[in-house]
Amino acid sequence: MKHTIYPRLAWTGIRKNGRLYLPYILTCIGMVVMFYIVSFLSASDYIGSCKGGDQMQLVLQFGCGVIGFFSALFLFYTNSFLMRRRKKEFGLYNILGMGKWNIARVLLWETAMIAGISLLSGLALGVLLSKVAELCMVNILQADAMFFISVDAAGILHTAVLFSIIFLLILANALRQLHFANPIELLHSENTGERPPKANWLFAVVGVALLGGAYYLAVTLENPIEVMMLFFVAVIMVIAATYLLFMAGSVAICKVLQRNKKYYYRTNHFVSVSSMVYRMKRNGAGLASICILCTMVLVMVSSTVCLYVGKEEGMRTRYPRDINFYARADQFSAFSSVKAKGLREIFSQVLKERGQTKKNFMDYRRGETSAVEKDGIFWTEDPGVYGSDIGKLWQVYLVPLEDYNSIMGENEELSGREVLLYTTKRNYEKEEISISNHAPFTVKKTVDFVDDGESAMIVVPSIFLFVADFDAVAEEFSGLVNYAGNRAFSLKWVYAFDLSLEDEGQVEIMDEIWARVKQYNESDVEASVFNSMQIEGAAKERSGFYALYGGLFFLGILLGIVFVFAAVLIMYYKQVSEGYEDQSRFEIMQKVGMTKHEIKKSVNSQVITVFFLPLLAAGTHLAFAFPMIKKCLVLFGLLNGKLLAVVTLICFCIFALLYVAAYRITSHSYYAIVSGMEGKARG
Amino acid sequence: MSILEAQNVKKIYTARFGGNKVEALKNVSFTVEEGEYVAVMGESGSGKTTLLNILAALDKPTAGRVLLDGQDIGAIKESAVAAFRRNNLGFVFQDFNLLDTFSLEDNIYLPLVLMGRRYDEMHNRLMPIADRLGISDLLKKYPYEVSGGQKQRAAVARTLITRPKLVLADEPTGALDSKSTDELLDIFGDVNRMGQTIVMVTHSVKAASRAGRVMFIRDGEVFHQIYRGNSTNEELYQKISDTLTLLANRKTSAAIG
């Protein structure tokens, strides 16, 4: 045998099976492009030099790993479809006298060709598109664009090495399958007889129960801590339930329909229902995977988009004002000390020198403790985090009513142990509140208050009590202790305001204030009055914040594209292999007297069901996951549920459109395959 | 009264490339009376498959007409052909053509379901047929669970349940062993005696010898016909064998000459 025959056989093999190989090669190229772009961006010096670029590159490096791992999984999976189709051809070669070694050489050439095409065109496309991606990144980081194309040699090397390894593994797997198969098996590998599927009621019922449980959890969980802890439990329950329901539940439903003779023996239902049983048995697992991929895409894209769109709001929850100054004290007297007065003077002085005035000014005092709530009593002594009652842990703040009135511009009055109430992250609905063994407060009404950086940062919900006689209350609670017997009550002074200045000017003012505060502190004026001081500025943190959320956004979109790719391709291969299996069935149906129109109608209803079931299920999952996602995003400082709802809905609509487009392409190939047989039947 | 009438049927195939024309049927004319059992024999390439496709309304003749119960089946609109076949013709195939996704019972119901019949009616029609064909106990089974002979009986039941004017059988015994062949031919005989018109295309002399008339096709024409008359199956078998020998010899001498 001349040596050129192997590459020739490999090449004709690829060309003749273009319907199968083209999407596979396109996927390989797509994966190479994605991987190169992400690794290019994560290593780009220019991005790294932008403000916040380093944060973003950390996120991207993580994304690089995810895409690499997913590429391997995904290419393996799609390749298995190809192998199933090619086996017959190899069986024929084998019977015609080619040894397994010869076939292995054909396979080797084939893999080499596909790897060569995908790597070359993938890297070329990647280099071109990396510039576009870089511009997007630069835009997200709000830095100046740089207009020349750079090539990342290390990125190219990494990509080439990773994908060479993946292709080698795929080849090894194909050779393994070839080695263990005999020619007869190879020839007939496609049409082995199938028993009618039996409905597995137990699995179906367990699936329903798991799904119901997960949905119940998602809808009823109130507390962000519990949401955090149970989120992954719910995710695993939903995944298990999806597999069970698609695999066992769908068959069970078809069986129930078949038992209803009046329904089953109808022109429109007869063929569809009976074929669906087989389809679902063959495709249940695949469809469940698609459904989960879709749900992942939707959750990931909508939450990252939402974070990105709401980035300013998220940052504002964390840094409520442009300049935020905090000082912690043990004694109530600190608030009226010489030092406090001195600090106030520094703030005014700096602003005056810079010609600035305070806006949205807030200046308030508060007492803080953390406690476990049981029946309206907040116990500071309870081990809380270390005990089993983590879900009942609260951060408790006591704020003077006069400070509340001056910040909010209200004129509330309270008598005796009446309080006003404000909570974050969850609601408190009881009429009375006690702290440890102290006499209870009665809630006069629930009010609104300003955001606070500290309570935005932590997972536990916060409760603010506005009290009339702060002096006395602070005195009363100064003896609170925690489970270890340590003092559990501290005082804090919050002094914060906005400026009408560009970010650079704000940073300068903040640095100036901080420098003077430190100097003043070292000059030893009542040194121990405030035991710690802290200043935070929105302007200084903004670029880091935007970079983090922007990085997540960018990654969310990229991974979203990759997963959509995956879902569409799996769908495509499913339909194509179904098409080959259905050819003979349609021939028979035509012989028995079904018109082409009837066949097409029945096929259509089946294809649509198979295709859109995952999307429908993903939509339902998403709807039920919504409350959970909302509470998780609260931890990122995003309190705007309406924004999330709108973004999620838009994401779903765009996704559904993509899905319909994929359906059109896929079903077209399916009909082409199925009707391709008709010509043969007549000849 | 003749139920099927072929008048000067001609079929020319044109190759897709190059325009080579192949004359599959030159000029075929014959009639089939109601209640007749006709076997069509011929070698590969004689045109019998083409003829069967035309009778089955799967293909249209280039010239000539085929009348079924007085209706020209070549003139039926494309959209109505499937319904016409469903309502008037029954088919039995060599490879059974049962759907593996259906139980035998559902396979038999398929044409009736397509006609929109009610379950009770279908069930009532099936019971006597299943009894007669000896498949009553097999109805809940799936094609892969039963033998070839049983599959073919289910296929016959699927054909009979629509009460067709004409049953077209294409090598119905081709995939069966000799015992199953005998059983099937007995069934065909029974069905024919009850008034069912059958046209069967076959290679098998044994199968043909059970028919009322045997029609030989050669080179796209009806070459010869044998009527059973009062002959027994064995006598008819002998006559058919002789005719086939004659056909083969002629061909050889033609080739030599």
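Criteria and cut-off values
- Residues numbered from 1 in each chain as written.
- Chains lettered and ligands numbered in written order.
- Predicted model: local features only at pLDDT ≥ 70, side-chain atom pairs only at ≥ 80, totals over all residues.
- Heavy atoms only, no water.
- Helix = DSSP H or I, 4+ residues; strand = E, 2+ residues; numbered from the N terminus.
- Rg over C-alpha atoms; globule rule 2.2 N^0.38 Å.
- Buried < 20%, exposed > 50% of the residue type's maximum accessible area, 1.4 Å probe, protein only.
- Contact = heavy atoms within 4.5 Å.
- Areas by Shrake-Rupley, 256 points an atom, 1.4 Å probe, with all protein chains shown as cover.
- Lys, Arg positive; Asp, Glu negative; His and termini not counted.
- Charge placed at Lys NZ, Arg CZ, Asp CG, Glu CD.
- Core = buried A, V, L, I, M, F, W, Y, C linked by side-chain atoms within 4.5 Å.
- Domains from an automatic or database assignment.
- Buried area = accessible area lost by both parts, 1.4 Å probe.
- Salt bridge = Lys/Arg side-chain N within 4 Å of Asp/Glu carboxyl O.
- Polar contact = N/O pair within 3.5 Å; in protein donor to acceptor, adjacent residues only side chain to side chain.
- Nonpolar A, V, L, I, M, F, W, Y, C, P; charged D, E, K, R; others polar.
- Axes fitted to C-alpha atoms, helices over the stretch in contact; angles between N-to-C directions.
- Parallel < 35°, antiparallel > 145°, perpendicular 65-115°, else oblique.
- Left-handed = near helix turned anticlockwise from the far one by under 90°.
- Arc of directions from axis to C-beta.
- Phe/Tyr/Trp six-rings, centres within 6.5 Å; stacked < 30°, edge-to-face > 60°.
- Pairing = 2+ DSSP bridges.
- Patch = residues over 30% accessible without salt bridge, like charges linked within 9 Å, V, L, I, M, F, W, Y side chains within 5 Å.

Engineer: Looking at this structure, I do not really get the overall build of chain B. What am I missing?
Structural biologist: For chain B, the helix and strand inventory stands at eight helices and 10 strands. Over its C-alpha trace chain B gives a radius of gyration of 19 Å, about what one expects of a compact globule, namely 18 Å for 257 residues. If one aligns the C-alpha atoms of chain B with their principal axes, the spans along those axes are about 60 × 45 × 40 Å. Here chain B holds 257 residues, and the buried ones make up 51% of them. Put simply, of all contacts in chain B between residues at least 6 apart along the chain, 69% involve residues at least 24 apart. Approximately 11,600 Å² of chain B is accessible, and the part contributed by carbon and sulfur atoms is 48%. If the 32 positive side-chain charges of chain B are averaged to one point and the 31 negative ones to another, these points end up 4 Å apart.

Engineer: So what exactly am I meant to see when it comes to the nonpolar core here?
Structural biologist: Generally speaking, a soluble globular protein has its nonpolar side chains buried in company with each other. Core analysis: the largest hydrophobic core is formed by 188 residues, its most contacted members being Tyr-24, Leu-41, Phe-163 and Phe-270 of chain A together with Tyr-109, Phe-188 and Ile-240 of chain B. It is helix H18 (residues 538–592) of chain A that provides the largest number of residues to this core, a total of 25 residues. The contacts of Tyr-24 of chain A, once residues within four sequence positions are left out, are Leu-75, Thr-78, Asn-79, Leu-82, Ile-114, Phe-167, Ile-170 and Tyr-573 of chain A. Listed in part, the 47 residues of the second largest apolar core include Ala-329, Val-396, Phe-441 and Leu-480 of chain A.

Engineer: I'm lost on the domain arrangement of chain A in this one. Help?
Structural biologist: All names here are of chain A. Its domain assignment divides chain A into domain 1 (1–192), domain 2 (196–320 + 539–683) and domain 3 (321–538). Each of domain 2 and domain 3 has a C-alpha centre, and these two points are 47 Å apart. Contact residues are listed per partner, giving 20 residues for domain 2 and 29 residues for domain 3. Carbon and sulfur atoms make up 58% of the surface buried where domain 2 meets domain 3, a total of about 2,100 Å² over both sides. At the junction of domain 2 with domain 3, the criterion picks out five salt bridges. A salt bridge links Arg-316 to Asp-322, with the shortest nitrogen-to-oxygen separation between them at 2.6 Å. Applying the counting rule to domain 2 against domain 3 returns 11 residue pairs in polar contact (both at pLDDT 80 or more). Counting residues per element, the ones that place at least two in the side of domain 2 that touches domain 3 are helix H9 (224–259), helix H12 (311–318) and H18. Of all the elements, H9 adds the most residues to the side of domain 2 that touches domain 3, at five residues. Residue composition of the side of domain 2 that touches domain 3, grouped by class: 11 nonpolar, two polar and seven charged.

Engineer: Looking at this model, I keep getting lost on the packing of H9 of chain A against helix H11 (residues 267–309) of chain A. Mind explaining?
Structural biologist: Helices that pack against each other are described as a pair by the angle of their axes relative to one another and the distance between those axes. Residue and element names in this part refer to chain A. Two numbers describe how H9 lies on H11: the axes approach to 8 Å, and their chain directions differ by 165°. The orientation of H9 with respect to H11, classified from their angle, is roughly antiparallel. Of the two possible hands of crossing, H9 and H11 adopt the one that is right-handed. Split by residue class, the contact of H9 with H11 holds 16 nonpolar, six polar and two charged.

Engineer: Help me understand H12 of chain A, please; the structure alone is not making it clear to me.
Structural biologist: One turn of an α-helix holds 3.6 residues; hence residues three or four places apart share an orientation. Residues and elements named next belong to chain A. Among the residues of H12, those classed as buried are Lys-311, Gly-314, Met-315, Thr-317 and Arg-318. What you see down the axis of H12 is that its buried residues fit within an arc of 155°, all on one side. Where H12 is buried, its residues contact H11, helix H15 (453–457), strand E10 (530–537) and H18.

Engineer: I tried to follow the packing of aromatic side chains on my own but got confused; where do I start?
Structural biologist: Aromatic ring pairs are defined here through the distance separating the ring centres and the angle between the ring planes. All names here are of chain A. Using the criterion set out here, one finds 51 aromatic pairs over all chains in the structure. When the ring of Tyr-308 is compared with that of Phe-553, the centres are 4.3 Å apart and the planes differ by 10°; the resulting orientation is stacked. A residue pair is termed long-range when its members are at least 10 positions apart, and Tyr-308 in helix H11 and Phe-553 in helix H18 qualify at 245 residues. Given a relative accessible area of 17%, Tyr-308 falls into the buried group. Judged by centre distance (4.4 Å) and plane angle (25°), the rings of Phe-347 and Tyr-495 are stacked.

Engineer: Before we go on, may I ask you to explain the interface of chain B and chain A in this structure?
Structural biologist: Interfaces are often sized by the accessible area lost when the parts come together. Counting from both sides, the interface comprises 28 residues of chain B and, opposite them, 24 residues of chain A. When residues of chain B are sorted by the area they lose upon contact with chain A, Thr-101, Leu-114 and Tyr-144 of chain B head the list and together hold 22% of the total. At the surface where chain B touches chain A, the tally comes to zero salt bridges. In this assembly, chain B and chain A are joined by four residue pairs in polar contact (both at pLDDT 80 or more).

Engineer: Can you walk me through the pairing of strand E9 (residues 213–218) of chain B in this structure?
Structural biologist: On a regular strand, each side chain points to the face opposite its neighbour's, so the side chains alternate between the two faces of the sheet. Residue and element names in this part refer to chain B. The buried count for E9 comes to five of six residues, which makes it a mostly enclosed element. Sheet topology note: the strand E3 (residues 37–41)/E9 ladder contains four bridges and is parallel. Across the sheet, Met-41 pairs through a bridge with Phe-216, a residue of E9. Pairing of E9 with strand E10 (residues 221–227) involves six bridges; the strand directions are antiparallel. Among the inter-strand pairings, Arg-218 is bridged to a residue of E10, identified as Glu-221. Hairpin connection, E9 to E10: the antiparallel pair is bridged by two residues, and Asp-219 has positive phi, about 50°.

Engineer: I would appreciate a short explanation of the environment of Met-296 of chain A in the present structure.
Structural biologist: All names here are of chain A. Along the chain, Met-296 turns up in helix H11. Its relative accessible area of 37% is what places Met-296 among the partly exposed residues. A C-alpha to C-alpha distance of 9.7 Å links Met-296 and Leu-559, two positions 263 residues apart in sequence.

Engineer: Would you take a moment to explain unusual backbone geometry for this structure?
Structural biologist: Glycine aside, negative phi is the norm for most residues, and most peptide bonds take the trans geometry. All names here are of chain B. Positive phi, close to 45°, is recorded for Asn-8, a residue that is not glycine. The topology assignment puts Asn-8 in strand E1 (residues 2–14). Owing to a relative accessible area of 45%, Asn-8 belongs among the partly exposed residues under this scheme. Here the phi dihedral of Ala-57 falls at roughly 65°; this positive angle occurs in a residue that is not glycine. Its location among the elements puts Ala-57 in the loop between helix H1 (48–55) and strand E4 (63–68).

Engineer: Even after reading the chapter, I still don't get a nonpolar patch on the surface, so can you show me in this structure?
Structural biologist: Residues and elements named next belong to chain A. On the surface, Leu-125, Leu-128, Leu-129, Val-132, Ile-149 and Val-151 cluster together to form a nonpolar patch covering roughly 520 Å² of accessible area. Along the chain, Ile-149 falls in the loop between helix H5 (100–141) and helix H6 (153–180). Judged by relative accessible area, which is 46%, Ile-149 ranks as partly exposed.

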